[in-house]
Amino acid sequence: MDQSHLPRAKHSFRFFTHVDLTELTGLRARNLREMADILKAVPGSVIYHHTHRFLKQHQYLSPEPPNDFAWWAAEAMQDARLAERLAAVDTVNFKTLRELREKIVAIIEDRMAKRKTAADAPEGMEFHFMKSVSFILPTPYQAGDLREFSEALRKVSVHSIYHHVFEARLRLEHGVNDFSRWLEEELGEMVLAVEIAQLDPYTCTLEGLRSRLITLAENRMIESAESHHA
Amino acid sequence: MLEQYAPIVGAGVIDDLRLIAKKLAGRVVRNVNSTAVGGGVAEILNRMVPLCKELGVDARWDVIKGGEQFYAVTKKIHNALHGATQEFSPSDWDLYWQTQELNAAQMDLNADILFIHDPQPAGLIVKKTPGKGRWIWRCHIDLSSPDLAVWNALKPVVERYDASVFSAPAFSQVLSIQQVLISPSIDPLSDKNRDLTQEEVAAICDRLQIPRDRPLITQVSRFDYLKDPVGVIEAFRMVRERIDCRLLLVGGSADDDPEGAKVLAEVRDRAADDPDILILCLPPTSHVEINAIQRASDIIVQKSIREGFGLTVSEALWKGKPVIAGAVGGIPLQITHKHSGILTHSVEGTAYWLKQLLQSPDFARKLGENGREHVRDNFLLTRHLREYLMLFLSLDHPGKDVVYL
């Protein structure tokens, strides 16, 4: 297919990848009070780690297990109601880790107010607080137009896709994923940018997300070719 | 050598390793531990050092020297850090520090990074010079409930390091220095884990006289109360009331382990003359045999009551088998309950899940597939190597949560 009509970006999209290291804080919570108090004090990178760990470690699972807080509420605290509310926190709707932290703390404190007892987790089931340290590296892949973008999406590692979709939006607080921003600002692809921004990446595997991104980009190329020939 | 891992983990993972290692090119990383052969640390270093070199990092490995009395003291320190109460005399600590001084005086400790493994050589930190080399203490021990007197003696020593590394979250302590979580790993190319053909598996099972005409439930672990082999027999008997199956308990010969021999005798007594319970004692070099046995099994059990990291779970998951394991030590890092395996807390729970998995082969197969993928992403040597490289790089960026390289 002739794609010479595709608009070219003034600034190419450079794909980065990320690798991370998990740091231990040495902090642990035995009950909901300690959990809420520590959550209020720890850096945002702790909140990020415990809401994204499963996603990174279970790239092959969909639906993946819930965030660490929900898992702990279910397995250690045996509190199915709290676990369900924590699992239902829709991370995609939060623009900052501060807002996400406030929501999680609010759910825990609401539950504490309703529960009559303040039980401790069994010994050995304490919650251990950790944080992610991200190292971001440039990959050799770049895209100047939609075709190159789609081709690069096939080649980069899932860690690269993870970085531009999850890390950029929430952790680096870019507000929107890097792909949508570039497509809109550099190629004027408003519709495609919105379509990608509206995906809920938390409900599919990273490979599934890659396929959806490629499909959206390729559909847009077909549309563009058809309107060019019309 | 690194390229051999590409078909298993994907070329992208090897590319990432090369990309990261470029940032460390030529740096000298000097590992120090207490033994060149035997034990998990030596096994890891034997694999890691050549791979680091292949990636352009100047990795080296030295071993401290000490007499029998020194190693008797460090054995006591090791046991105390694991939680056992030990008697220490002031001369024990004197000997520990004298040996550190002696080694520090004799060893070449020039390096960009000094990577010191476990308590035996931890005191070499006395040689730390400001501005010359960074020091990391790698703790391979379960520090979740240490003897506080010994830990309080060691803690100020550890806090002189630039960073520390632990294998599981529960092993971490409140420390004034950076603490990093790096789990151990398995080598997918080793005899214990490499792919075997069905013919190889069948030949080994025939040689060891393991029949395969009924579902086979297996636990591979030394004969130790903490691995609860008797509990496994009890769970098996509850299952066999309803389902036709066999149990295989595989362990070491326990010739030089008095407690192991006692546990083995008890296991044999409990098994009595039940023809469906097989007990197999193998020499410690039987890696390929263990590999074949795991592949021949339908369900693998690791019913530990207490565990360090419990890497045998990853070995079993790597074979794509559904695993039922005790929720202790590092096992919950390897198994997410009902996603990548089953976590249990009792004999009854183990029996319940054995029945469920034997009766629901699709679910069991899915657990096995998920477990293998979880190990591929998180517990193979390549991930371990990547995290060591990241750890070395992190020393250049203290206190930063996001680092652009």
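From a predicted model like this one, the values you see are computed outputs, not experimental measurements. (Residues numbered from 1 in each chain as written. Chains lettered and ligands numbered in written order. Predicted model: local features only at pLDDT ≥ 70, side-chain atom pairs only at ≥ 80, totals over all residues. Heavy atoms only, no water.)

1. Re the sheet that holds strand 1 (residues 13-29) of chain A
In any sheet, the strands associate via hydrogen bonds between backbone groups, in a parallel or an antiparallel arrangement.
Next up, step 1: Across the sheet, which stays open at both edges, the 9 strands sit in the order 2(B)-1(B)-3(B)-4(B)-5(B)-6(B)-1(A)-2(A)-13(B) with mixed pairing between neighbours. Of all strands in the sheet, those bounded by a partner on one side alone are strand 2 (58-63) and strand 13 (402-404) of chain B. The mean inter-strand angle of the sheet, taken between neighbouring strand axes irrespective of direction, is 25°.
Next up, step 2: Two elements, strand 2 (residues 127-143) of chain A and strand 13 of chain B, share 3 bridges in a ladder whose sense is parallel. Along strand 13 of chain B, the bridge assignment pairs Phe 135 of chain A with Val 403 of chain B. (Pairing = 2+ DSSP bridges. Helix = DSSP H or I, 4+ residues; strand = E, 2+ residues; numbered from the N terminus. Axes fitted to C-alpha atoms, helices over the stretch in contact; angles between N-to-C directions.)

2. Quick notes on the pairing of strand 7 (residues 216-220) of chain B
Residue and element names in this part refer to chain B.
Next up, step 1: Among the 5 residues in strand 7, 5 count as buried, and that is most of the element.
Next up, step 2: Taking every second residue as pointing to the same face, both faces of strand 7 are buried, with Leu 216, Thr 218 and Val 220 on one and Ile 217 and Gln 219 on the other.
Next up, step 3: Bridge count for strand 7 against strand 8 (residues 246-251) is 5 bridges, and the pairing is parallel. Residue pairing across strands places Thr 218 opposite Leu 248, the latter belonging to strand 8.
Next up, step 4: With helix 8 (residues 229-240) bridging strand 7 and its parallel neighbour strand 8, the resulting β-α-β unit is right-handed.
Next up, step 5: Pairing geometry for strand 7 and strand 10 (residues 299-302), over 3 bridges, is parallel. The residue bridging Gln 219 from the neighbouring strand is Val 301, located in strand 10. (Buried < 20%, exposed > 50% of the residue type's maximum accessible area, 1.4 Å probe, protein only. Right-handed = clockwise from strand over helix to strand, strands pointing away.)

3. Some words on the interface of chain A and chain B
Next up, step 1: Counting from both sides, the interface comprises 34 residues of chain A and, opposite them, 35 residues of chain B.
Next up, step 2: For the pair chain A and chain B, the number of links is 1 salt bridge.
Next up, step 3: Here Asp 401 of chain B ties to Lys 131 of chain A by a salt bridge, and the two come within 2.9 Å at their closest N and O atoms.
Next up, step 4: The interface formed by chain A and chain B contains 10 residue pairs in polar contact (both at pLDDT 80 or more).
Next up, step 5: Those elements that place two or more of their residues in the side of chain A that touches chain B are strand 1, helix 2 (44-57), strand 2 and helix 7 (158-171) of chain A.
Next up, step 6: Classifying every residue of the side of chain A that touches chain B gives 16 nonpolar, 13 polar and 5 charged. (Contact = heavy atoms within 4.5 Å. Salt bridge = Lys/Arg side-chain N within 4 Å of Asp/Glu carboxyl O. Polar contact = N/O pair within 3.5 Å; in protein donor to acceptor, adjacent residues only side chain to side chain. Nonpolar A, V, L, I, M, F, W, Y, C, P; charged D, E, K, R; others polar.)

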